[in-house]
Amino acid sequence: MALQCGIVGLPNVGKSTLFNCLSNAKAQSANFPFCTIEPNVGVITVPDERLNKLAEIVKPNRIVPTTVEIVDIAGLVKGASKGEGLGNKFLANIRETDAILHVLRCFDDDNITHVDGSINPVRDKEIIDTELQLKDLETVQARIQKVEKQAKTGGDKDAKRMYDILLQFKEVLLQGKSARTVTFDNKEDEKAAKELYLLTYKPVLYVCNVDESNAVTGNKYVEEVREAIKDENAEIIIVAAKIESEIAEFETYEEREMFLSEIGLQESGVARLIKSAYKLLDLQTYFTCGVQEVRAWTFLRGSKAPQCAAVIHTDFEKGFIRAEVIKYEDFITLGSEAAVKEAGKMNVEGKEYVAQDGDIMHFRFNV
C-alpha cells in the first residue's frame, strides 16, 4: 500500500536532517536553501512491539514489519503558488502525497541561517499555509466555474453536492484558513471533498524541531505553534532532529535505549513520528502468524475483511469465503493458536466484518 507522507517546510528548518534519520536514503543536508531538489523517497519500517511479542511466542523463520513511505520535498519560499523558487515542483510533489509532515524550526542557533532572518515558527507555518491556500483557491474557483451552471439549473445531485462543497472551501480559503478546517456531516460529502485533492485538506502533523534541552518539555516556540493550530484539524509532535541523527549512529538497541534514558525520553522522536505518520494516514495493522513468518499488514481504517485479504493478494478478495479472526490480546494471553481455539476465542467472520487494529487473521478463499 504505497501511501505517502510528504515532509515539507521552509529551507533550513531541519526537514532533510529528519528525513535522514527516518530513512536509509541519505538526502543531502546542508546549510543552504534547496539542497533537496528532487524529492527523496524513503520506505520506513513502522515500529510495533506487538509484532515482536507475537514472534516471541510463534518463533517464526522471519518477521516482516509494515512500512510507510516518506517523501522529502524541496524547501518552499514566498511566491511558490506563482512559481517562485521551486514552487511549481514543490506543489506538484506535495499534491501526490496523502498527508503532510510540516517541519517547523523551534530552536535558536546562530550558526544556521534562517531564510527570513529570525526564528518565528508561526510565521513560517503561515508562509507555507498561505502559498498552499492560494493554490487551493485557484483550484476551487476553477471547479466552481465548471459545475455552477449544472448545479443551479440541472437535476444533477452530484453537481449540486460538489458546488456546495466548493462554496464552503472558497469561504474559508478567502478567510486565510486551510481547507481542513471545514468538516462534513456525512461520508458522501467527505469522500467528494477528498476527490478535489486540495493541498490544505490533506491531514497534517506539525513537527516542532527543537534543541536537545527542550526535547522532552518543548519550549515557548512549541507553545506558540500549539496555540496557532488549536482551531485546525491537525496534530503536533516535538522532535529534536539533531539528537535523532546522533541516535541513528548508535549500532545497538541497548546503546540507543541508554542514550534516550539519559536525556529523559522513553522513545525516540523518530519512532513517535513514524507511528504518528501511520496514524495520520488513517492506517491500521493486522497480523498473520505462522512458523514461516509473523507479518504485519497495513489496511485503511474501516476496511472490511475481503479488502484486508486483498492486501495480501487480489485473489484472496475475489474468492473470499471467510476470515478466521483472533484478537491480539487473546493470543498473547493464551499463548498459542491451539489454545485460543480451545478456549472458543477464534471467531469466524464473513464479508461484512470490519477489521480491527491488531486482529490476527487467516483467510479462507477459493478461486
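It should be noted that the structure appears before, not after, this text.
Residues numbered from 1 in each chain as written. Predicted model: local features only at pLDDT ≥ 70, side-chain atom pairs only at ≥ 80, totals over all residues. Heavy atoms only, no water.

Colleague: Could you give an account of helix H1 (residues 15–22), with specific residues and numbers?
Modeller: For H1, the tally of buried residues reaches 7 of 8 residues, placing the bulk of the element in the interior. Among the residues of H1, Lys15, Ser16, Leu18, Phe19, Asn20, Cys21 and Leu22 are the ones counted as buried. (Buried < 20%, exposed > 50% of the residue type's maximum accessible area, 1.4 Å probe, protein only. Helix = DSSP H or I, 4+ residues; strand = E, 2+ residues; numbered from the N terminus.)

Colleague: Residues and numbers for empty space enclosed by the protein, please.
Modeller: Under the defined criterion, the tally for this structure stands at 1 cavity of 30 Å³ or more. If you add up the space inside the largest cavity, you get close to 50 Å³. Lining of the largest cavity is provided by Val8, Ile100, His102, Ile128, Asp129, Leu132, Ser178, Arg180, Thr200, Val204 and Tyr206. Going through the elements one at a time, strand E5 (99–105), helix H4 (121–153) and strand E6 (204–209) are the ones with two or more residues in the lining of the largest cavity. Sorting elements by how many residues they give to the lining of the largest cavity places H4 first, with 3 residues. Taken together, the residues of the lining of the largest cavity break down into 6 nonpolar, 3 polar and 2 charged. (1 Å grid on protein atoms, 1.4 Å probe; cavity = no way out; pocket = protein on both sides within 12 Å on 5 of 7 lines; lining within 4 Å. Points joined across faces, edges and corners; volume = space filled by probe spheres on them. Nonpolar A, V, L, I, M, F, W, Y, C, P; charged D, E, K, R; others polar.)

Colleague: Any details on the packing of aromatic side chains? Residues and values, ideally.
Modeller: Within this structure, the stated rule accounts for 9 aromatic pairs. Each ring, one from phenylalanine 169 and one from phenylalanine 184, has its centre 5.8 Å from the other, and the planes form 85°; the classification is edge-to-face. One end of the pair, phenylalanine 169, is in helix H5 (residues 157–174); the other, phenylalanine 184, is in the loop between H5 and helix H6 (187–194), with 15 residues separating them in the sequence. We classify phenylalanine 169 as buried; its relative accessible area is 0%. Between the aromatic rings of tyrosine 286 and tryptophan 297, the centroid separation amounts to 6.5 Å while the plane-to-plane angle is 20°, which identifies the pairing as stacked. Residue tyrosine 286 is located in strand E8 (residues 283–289), and its partner tryptophan 297 is located in strand E9 (residues 293–300); the two are separated by 11 residues in the primary sequence. (Phe/Tyr/Trp six-rings, centres within 6.5 Å; stacked < 30°, edge-to-face > 60°.)

Colleague: Can you lay out the sheet that holds E5 for me, pointing to particular residues and giving the numbers?
Modeller: If you walk across this open sheet you meet the 6 strands as E2-E4-E1-E5-E6-E7, and the pairing is mixed. Looking at which strands have only one partner, the edges of the open sheet turn out to be strand E2 (40–45) and strand E7 (235–239). Here the strands of the sheet are splayed against their neighbours by 25° on average, with no regard to which way each runs. Note that E2 and strand E4 (residues 67–72) share 6 bridges and pair antiparallel. Bridge pairing links valine 41 to valine 71 in E4. H4 rests against E5 and E6 of the sheet, and its axis sits at about 145° to E5. Packing against the sheet, helix H7 (residues 220–228) makes contact with E5, E6 and E7, and its axis sits at approximately 170° to E7. (Pairing = 2+ DSSP bridges. Axes fitted to C-alpha atoms, helices over the stretch in contact; angles between N-to-C directions. Contact = heavy atoms within 4.5 Å.)

Colleague: Break down the layout of surface pockets for me, citing the residues and quoting the values.
Modeller: In this structure, the largest pocket encloses a volume near 1400 Å³. Taken together, 41 residues form the lining of the largest pocket, with Lys194, Pro203, Leu280, Leu281 and Asp282 sitting closest to its centre. At the level of elements, H6, E7, helix H10 (269–280), E9 and helix H11 (305–312) are the ones that each hand at least two residues to the lining of the largest pocket. In terms of residue class, the lining of the largest pocket is built from 20 nonpolar, 7 polar and 14 charged. If you add up the space inside the second largest pocket, you get close to 1000 Å³. Secondary structure elements with two or more residues in the lining of the second largest pocket: H1, E2, helix H2 (49–58), helix H8 (241–247), helix H9 (253–263) and H10. Its residues assigned to classes, the lining of the second largest pocket shows 17 nonpolar, 7 polar and 8 charged.

So yeah, pure geometry; function would need other evidence.
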